[in-house]
Amino acid sequence: MTDVRRFDYRGSSGKVNLALDSAPELACWPGIGPHLRGAISISPSIGYIEKAYDQAKYGDFSTHPYIDVIIPSMIDPDMAPPGKHVMSCFVQYAPIILRRYMD
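First, a word on what this report is: a plain description of the structure on this page. Keep in mind that this is a model prediction, so the values were computed, not measured.

1. Structural notes on the overall build of the protein
- Looking only at helices and strands, the protein features two helices and four strands.
- Starting at the N terminus and ending at the C terminus, the protein contains elements arranged as α-β-β-α-β-β.
- Counting all 103 residues of the protein, 28% fall into the buried class.
- When contacts within the protein are restricted to residue pairs at least 6 apart in sequence, those whose partners lie at least 24 apart make up 63%.
- Accessible surface, the protein: about 7500 Å² in total, of which carbon and sulfur atoms supply 60%.

Here is the structure:
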């Protein structure tokens, strides 16, 4: 239990909302289909996620962030004009305090 109490979990996420002219094409799974209706994670390994957190821990935005992507207009087409889409990216991790503004 002592190790859990010492765990430093400061940090948070950022969110970017995008308006798209069309549905995105994924290199790993081309084409438009049901795979775009769920969550898409850009997190190739545990080490990748840890490095993304480390930069935030020290006051910088991650240069290779862990990103969760959803395209809600794939489920509810009324969220965007016909043929267009909305995409939300939850970017992990954003620092609580940016180091460059502390100097």
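Continuing now.
2. With respect to the environment of Met87
- With respect to the helices and strands, the residue Met87 is situated in strand S4 (residues 85–94).
- Of the residues examined, Met87 reaches a relative accessible area of 14% and is grouped as buried.
- Along the primary structure Met87 and Pro72 are separated by 15 residues, whereas in three dimensions their C-alpha atoms are 6.7 Å apart.
- When residues no more than four places from it in sequence are discounted, the contact partners of Met87 are Val16, Asn17, Leu18, Leu20, Pro24, Val69, Ile70 and Ile71.

3. A closer look at the side chain of His35
- Secondary-structure assignment places His35 in the loop between strand S1 (12–20) and strand S2 (40–42).
- Take His35: its relative accessible area is 14%, and that puts it in the buried class.
- A polar side-chain atom of His35 sits 3.2 Å from the main-chain carbonyl oxygen of Trp29.

4. What about the pattern of salt bridges?
- Per the stated rule, a full pass over the model turns up two salt bridges.
- Salt-bridge contacts for Lys84 lead to Asp21; the nearest nitrogen and oxygen are separated by 3.5 Å. Residue Lys84 is found in the loop between strand S3 (66–70) and S4, and its partner Asp21 is found in the loop between S1 and S2; the two are separated by 63 residues along the sequence.
- Asp21 gets classed as exposed once you look at its relative accessible area, which sits at 63%.

5. Observations regarding the packing of aromatic side chains
- Using the criterion set out here, one finds one aromatic pair in the structure.
- Measuring from ring centre to ring centre gives 5.2 Å for Tyr53 and Tyr93, while their planes differ by 85°; the resulting arrangement is edge-to-face. With Tyr53 in helix H2 (residues 46–57) and Tyr93 in strand S4, the pair connects residues that are 40 residues apart, well separated along the chain.

6. A closer look at the sheet that holds S4
- Here four strands make up an open sheet; going across it, the order is S1-S4-S3-S2 and the pairing antiparallel. Single-partner strands in this sheet number two, and they are S1 and S2. For this sheet, the mean inter-axis angle between neighbouring strands, taken without regard to orientation, is 20°.
- Against the sheet, H2 contacts S2, S3 and S4, and its axis sits at roughly 70° relative to S4.

About the cut-offs
- Residues numbered from 1 in each chain as written.
- Predicted model: local features only at pLDDT ≥ 70, side-chain atom pairs only at ≥ 80, totals over all residues.
- Heavy atoms only, no water.
- Helix = DSSP H or I, 4+ residues; strand = E, 2+ residues; numbered from the N terminus.
- Buried < 20%, exposed > 50% of the residue type's maximum accessible area, 1.4 Å probe, protein only.
- Contact = heavy atoms within 4.5 Å.
- Areas by Shrake-Rupley, 256 points an atom, 1.4 Å probe, with all protein chains shown as cover.
- Polar contact = N/O pair within 3.5 Å; in protein donor to acceptor, adjacent residues only side chain to side chain.
- Salt bridge = Lys/Arg side-chain N within 4 Å of Asp/Glu carboxyl O.
- Phe/Tyr/Trp six-rings, centres within 6.5 Å; stacked < 30°, edge-to-face > 60°.
- Pairing = 2+ DSSP bridges.
- Axes fitted to C-alpha atoms, helices over the stretch in contact; angles between N-to-C directions.

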